[in-house]
Amino acid sequence: MQATTLALIGAAGGVGTTRTAVELAAMGARDGRRVAVVDAAFTTQGLSEYVAGRVEPDLTALLTDDPDAALSAAAYPLIGAGDAARRSGSAGAGGERDVNGDPDLPGRVDGVPARAPFERVARAKTAEAARKLAGRIDEAATTYDAVVVDAAPAGSNEAVAAATSVDRAVAVRPATVHGHDAAQRLRGRIADVGGSLDSTLAVDRPGTAGSGDAVDRDDTDGGGSGAVRVPATDPEVAAAPTAAKGDDAYARAIAAAYEAAFDTSLGVEFPDPGLVDRVTP
């Protein structure tokens, strides 16, 4: 049985799509799942900042120079939740890299990042390479329990491949009026290439006020269901993944976002708030 594949597609640049992908994957691992985060944002290559050690080979190499290599050759442990020494990605028995990630998580998270020079990135952005990317996403689905694809706004071959080859696609937008408008435009672009959006994540940025509710029922972004509101968190890479532990509002929102994005239920339990928490405005 193949895993569900999910594309997180930024409605605009800099909205926090990569960070949200990392946090969703960590929440899945917190629930005991093996989750892969596949980088389909070749221009920004943001996912590479969240993996440990040297990235060689990367995903673009598997799409261009080394198409016969297994996807695991470009899978690396995510950093941020545990001791860096335990996340070194050193080779284990049989020469395979230890990609177990945070040993405190019941599951595991692997990142499959893009980190390449411009020349190889250009070759990885062709239509032929996009078809190979779709195949790599399918390959991940046979190895992991869930797959999250980090995709840039639909406007490149790799973004189109990500949006149209997955089981579910979710827009990530700022939790602002402009973000709502950007999500509407993204919905139209995805429809133009034969895809559709299943839900929306509205992300607060640091310094903005949150709604206090995980689901913004008044803002459907045209999808027929509430947009999941994700409060702001520490934007530093070293702070990620915040959702791997803790029971604050951010972790709870990421859990709600995971369930909405994958259309599933998690077994992660959060303690009920105390009386003081319930009555505090």
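Our structure's up above, just so we're on the same page.
Residues numbered from 1 in each chain as written. Predicted model: local features only at pLDDT ≥ 70, side-chain atom pairs only at ≥ 80, totals over all residues. Heavy atoms only, no water.

Draft legend 1. Up close: the environment of Thr64. Relative to the elements of secondary structure, Thr64 occurs in the loop between helix 2 (59–63) and strand 3 (76–77). Exposure remark for Thr64: the relative accessible area of 17% places this residue in the buried category. In the structure, Thr64 is positioned 56 residues away from Arg120 in sequence and 7.5 Å away in space, judged by C-alpha atoms. Discounting residues that sit within four places of it in the chain, Thr64 has contacts with Arg120, Arg123 and Ala124. Within the structure, Thr64 has its side chain in polar contact with the backbone oxygen of Thr60 (distance 2.7 Å). (Helix = DSSP H or I, 4+ residues; strand = E, 2+ residues; numbered from the N terminus. Buried < 20%, exposed > 50% of the residue type's maximum accessible area, 1.4 Å probe, protein only. Contact = heavy atoms within 4.5 Å. Polar contact = N/O pair within 3.5 Å; in protein donor to acceptor, adjacent residues only side chain to side chain.)

Draft legend 2. Broad picture of the packing of helix 1 (residues 17–30) against helix 7 (residues 249–262). Where helix 1 contacts helix 7, the two axes come as close as 9 Å, and the packing angle between them is 85°. Relative to helix 7, the element helix 1 is oriented roughly perpendicular. For the pair formed by helix 1 and helix 7, the contact residues are Glu23, Leu24, Met27, Gly28 and Arg30 on the first element and Tyr250, Ala251, Ile254, Ala255, Ala257 and Tyr258 on the second. When the residues that make up the contact of helix 1 with helix 7 are grouped by side-chain class, the tally is 8 nonpolar, 1 polar and 2 charged. (Axes fitted to C-alpha atoms, helices over the stretch in contact; angles between N-to-C directions. Parallel < 35°, antiparallel > 145°, perpendicular 65-115°, else oblique. Nonpolar A, V, L, I, M, F, W, Y, C, P; charged D, E, K, R; others polar.)

Draft legend 3. A look at the pattern of salt bridges. Within this structure, the stated rule accounts for 13 salt bridges. In this structure, Glu128 engages Lys132 in a salt bridge whose closest nitrogen and oxygen atoms are separated by 3.8 Å. Of this pair, Glu128 and Lys132 both sit in helix 4 (residues 127–143), 4 residues apart, which is roughly one turn of that helix. Residue Glu128 is classed as partly exposed on the basis of its relative accessible area, which comes to 48%. Sharing partners across several salt bridges, the network here consists of Asp65, Glu119 and Arg123. (Salt bridge = Lys/Arg side-chain N within 4 Å of Asp/Glu carboxyl O.)

Draft legend 4. Focus on the layout of surface pockets. Taken as a whole, the largest pocket spans an internal volume of roughly 480 Å³. In terms of lining, the largest pocket is formed by 30 residues, of which the most central are Val15, Gly16, Thr17, Thr18 and Arg19. Mapped by element, the contributors of at least two residues to the lining of the largest pocket are helix 1 and strand 5 (146–151). Broken down by class, the residue content of the lining of the largest pocket amounts to 14 nonpolar, 10 polar and 6 charged. (1 Å grid on protein atoms, 1.4 Å probe; cavity = no way out; pocket = protein on both sides within 12 Å on 5 of 7 lines; lining within 4 Å. Points joined across faces, edges and corners; volume = space filled by probe spheres on them.)

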